[in-house]
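Spelled out from the first residue to the last, the chains are:
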Amino acid sequence: DAAGINIAKLSPEAQINLVKSYYSPTGLEYGVGRVNMGGCDFSDRPYTLCDTPGDVDLQTFNLTHDDYDFKIPYIKMAQDFSEKEIKMFASPWSAPAWMKSNNLVYGEGYLLPEYYESWANYFVKFLDSYKAEGIEFWGLTAQ
């Protein structure tokens, strides 16, 4: 989202030129893209896609305006400009704070064992949510 926030500040023409310079045949032709699942250390705020404490069924899991405004549009733009498949992979920066030992999205906390299944389902919900927006992923990392 940090890159998208900055790209969005450019004029539409500059946005197109920037994305083309990385992903089009007239540019560098990048073939890989990384998307953070929720916020990351470069985001404008700490957040995940399910910040409701205790929501083990992830009923409040939702993509945010960051996804809809700063990630998805630029991924699609890159895909449109590229002549080859862009292998997208997703990485979480952190599990939701309520799933962690320190109750924070940063610091030295770890995923509590009772949330292993919810954390796995978080990945599935993320992949399904992006697929519904027309974006599929080649890979995942656990961060």
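Here we summarise the structure given alongside this text. Everything numeric here is computed off the predicted structure, so don't read it as measured data.

### A word on the layout of surface pockets
Any empty space left between atoms is shown by rolling a water-sized probe over those atoms. In this model, the largest pocket occupies a volume close to 580 Å³. Residue lining of the largest pocket: 23 residues in total, with Ala3, Gly4, Ile7, Tyr23 and Arg34 positioned closest to the centre. Looking at the lining of the largest pocket, the element that brings in the most residues is helix 3 (residues 65-81), giving five residues.

### Overview of the side chain of Asp66
If you trace the backbone, Asp66 turns up in helix 3. Only 2.7 Å separates the side chain of Asp66 from the side chain of Arg45, close enough to count as a polar contact. Among residues more than four places away in sequence, those in contact with Asp66 are Asp1, Asp44, Arg45, Tyr47 and Lys71.

### Considering the packing of aromatic side chains
All told, the structure shown has nine aromatic pairs when counted by the stated rule. Measuring from centroid to centroid gives 5.8 Å for Tyr23 and Tyr30, while their planes differ by 80°, and the two rings are edge-to-face. Among the residues examined, Tyr30 registers a relative accessible area of 38% and is labelled partly exposed. Taking 5.2 Å as the distance between ring centres and 85° as the angle between the ring planes, the aromatic pair formed by Phe61 and Tyr122 counts as edge-to-face. Here Phe61 is found in the loop between strand 1 (32-37) and helix 3, whereas its partner Tyr122 is found in helix 4 (residues 116-132), with 61 residues between them in sequence. The exposure class of Phe61 is buried, given its relative accessible area of 8%. For Tyr122, a relative accessible area of 0% puts it in the buried group. For the cation-ring pair, Lys20 lies above Phe81, with the distance from its terminal atom to the ring centre recorded as 5.2 Å. Its end group placed over the ring of Tyr47, Arg45 keeps NZ or CZ at 4.0 Å from the ring centre.

How each quantity is defined
Residues numbered from 1 in each chain as written. Predicted model: local features only at pLDDT ≥ 70, side-chain atom pairs only at ≥ 80, totals over all residues. Heavy atoms only, no water. 1 Å grid on protein atoms, 1.4 Å probe; cavity = no way out; pocket = protein on both sides within 12 Å on 5 of 7 lines; lining within 4 Å. Points joined across faces, edges and corners; volume = space filled by probe spheres on them. Helix = DSSP H or I, 4+ residues; strand = E, 2+ residues; numbered from the N terminus. Polar contact = N/O pair within 3.5 Å; in protein donor to acceptor, adjacent residues only side chain to side chain. Contact = heavy atoms within 4.5 Å. Phe/Tyr/Trp six-rings, centres within 6.5 Å; stacked < 30°, edge-to-face > 60°. Buried < 20%, exposed > 50% of the residue type's maximum accessible area, 1.4 Å probe, protein only. Lys NZ or Arg CZ within 6 Å of the ring centre and 35° of its normal.

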